[in-house]
Amino acid sequence: CLYCFQLYGYCYQDSNDIPDTLTTITELGSPLEMIQLLQTSWEDRFRICLSLVRLLHYLAHSPLGSVTLLDFRPRQFVIVDGELKVTDLDDASVEESSCTSNSDCFMEFPARNFTLPCSVEGRCQNMNEKRNLYNAYRFFFTYLLPHSAPSSLRPLLDKIVNATGNHNKHGNAYEYLALELSPSPSASSEFTQKCVKSANTQYRRVPEAFIPDENYRCWPSYHHKGCLLSVFDVNEAIEICDSYSQCKAFVLTNQTTWTGRQLVFFKMASNHIVPDPDKITYVKVTD
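Calculation criteria
- Here the residue numbers are simple positions, counted from 1 along each chain's written sequence.
- Per-residue local features of the predicted model are confined to residues with pLDDT of at least 70, and side-chain atom pairs are confined, for both listing and counting, to 80 or more; whole-chain, interface and lining totals are unaffected and use all residues.
- Side-chain measures here rest on the full set of heavy atoms in the structure, leaving out hydrogens and waters.
- Criterion for a disulfide: a pair of cysteine sulfur atoms within 2.5 Å.
- Only protein chains enter the area calculation, which uses a 1.4 Å probe; residues under 20% of their type maximum are buried, those over 50% are exposed, and those in between are partly exposed.
- Segments assigned H or I by DSSP are reported as helices when at least four residues long, segments assigned E as strands when at least two residues long, and all are numbered from the N terminus.
- Residue contacts are defined here by distance: any two heavy atoms, one from each residue, within 4.5 Å place the two residues in contact.
- Nitrogen and oxygen atoms within 3.5 Å of one another constitute a polar contact, given that in protein one can donate a hydrogen and the other can accept it, and given that sequence-neighbouring residues count only through two side-chain atoms.
- Positive charges are assigned to Lys and Arg, negative charges to Asp and Glu, while His and the chain termini are left out of the count.
- Salt bridges are defined by distance alone: a side-chain nitrogen of Lys or Arg within 4 Å of a carboxyl oxygen of Asp or Glu.
- Under the pairing criterion, centres of Phe, Tyr and Trp rings, with the six-membered ring standing for Trp, must be within 6.5 Å; the plane angle then separates stacked pairs below 30 degrees from edge-to-face pairs above 60, leaving the rest tilted.
- Two conditions define a charge sitting above a ring: the NZ of Lys or the CZ of Arg must be within 6 Å of the ring centre, and it must be within 35 degrees of the ring normal.

The protein appears in an unreviewed UniProt entry as PKDCC kinase from Catharus fuscescens.

Right under this line is the structure:
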């Protein structure tokens, strides 16, 4: 399972206090903190949701059958290289609930309840998959997807969130979700390309140059001490700089995000410019 926390090895050893001590070696991950996630860029939160979709797909079609996580909460997950992985499978189950009628297939959650059909084999249809999906909706998608999302994608994201949260209106909500989220955002012009027109502001292009200082903070930023944002092209960088009163210049780097968007530093002055072959600086021209 690519979206399960990887165990690299383990060994037993005797301890002075506890005999037969078990030591495990796992990949390095960070605990999932929802408040911190909401302070990151939407692009990074989209990546986490996409990895969660892939995990849900694996659980629904695993070699053991459909697997449900009975304790599906943020504390059961970690972030590894920007991707979400599940760490605790102690409460995983492959047993679909038995039933004699639809009333036996009742799923109760704090905000709403669902009743699934009872199959002719006497099993609640897709209960494991539906339970995972709704828990993903109430713990992850409803917070991470809509918050500060690109305006062009909001109608689509509203459909996705509604589909995951309402099993009655969408008979196969998971497949709908997987279909909408599976393509990489880099292939979606709605996400990567943003047609913008700058105001009458003029910028002077300075190739192979960088502004090392003159930072200011903005939100969300990829750099905690400066304003580092991702853009599709120079036009979008100009629009962003025009929107900040303190922005007087910006620097295009040769670094990109996981979707291919270019990282740009926004600066509040251009008094000190140094040579840098990997960067291009744009300075706002004042009258």
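S.K.: Can you lay out the state of the cysteines for me, pointing to particular residues and giving the numbers?
M.R.: Scanning the model with the defined rule gives four disulfides in all. Between the sulfur atoms of cysteine 218 and its disulfide mate cysteine 227 the distance is 2.0 Å. As the torsion about the S-S bond is roughly 90 degrees, the cysteine 218-cysteine 227 disulfide counts as right-handed. For the pair cysteine 218 and cysteine 227, one class covers both residues: buried.

S.K.: For helix 7 (residues 234-243), give the residues involved together with the corresponding values.
M.R.: Within the sequence span of helix 7, burial applies to Glu236, Ala237, Ile238, Ile240 and Cys241. Packing partners of the buried residues in helix 7 comprise strand 10 (202-210), strand 11 (227-231), strand 12 (249-256), strand 13 (262-267) and strand 14 (274-285). Capping the start of helix 7 is the job of one residue whose side-chain oxygen sits 3.2 Å from the backbone nitrogen of asparagine 235: aspartate 233.

S.K.: Any details on the side chain of lysine 267? Residues and values, ideally.
M.R.: With respect to the secondary-structure elements, lysine 267 resides in strand 13. In this structure lysine 267 is buried but unpaired, with aspartate 213 as the nearest side chain of opposite charge at 6.9 Å.

S.K.: Account for the environment of asparagine 128, naming residues and giving values.
M.R.: For asparagine 128, the position within the fold is in helix 3 (residues 127-144). Separated by 32 residues in sequence, asparagine 128 and glutamate 96 place their C-alpha atoms 6.4 Å apart. Once residues lying within four places of it in the same chain are set aside, the contact partners of asparagine 128 are Ser66, Val67, Thr68, Ser93, Val94, Glu95 and Glu96. Here serine 66 takes part through its backbone oxygen, which lies 3.0 Å from a polar atom of the side chain of asparagine 128.

S.K.: Kindly report on the packing of aromatic side chains, identifying the contributing residues and their values.
M.R.: This structure, assessed with the given rule, holds 14 aromatic pairs. For the ring pair phenylalanine 210 and phenylalanine 265, a centre distance of 6.1 Å and an interplane angle of 65 degrees mean the geometry is edge-to-face. Linking phenylalanine 210 in strand 10 with phenylalanine 265 in strand 13, this pair joins segments that are 55 residues apart in sequence. Judged on exposure class, the residue phenylalanine 210 and its partner phenylalanine 265 are both buried. The rings of Phe109, Phe114, Tyr134 and Tyr137 are connected pair by pair, giving a single aromatic cluster. One residue, lysine 267, lies across the ring of phenylalanine 265, its end atom 5.1 Å from the ring centre. In this arrangement the basic side chain of lysine 279 is found over the ring face of phenylalanine 210, its NZ or CZ atom lying 5.1 Å from the centre.

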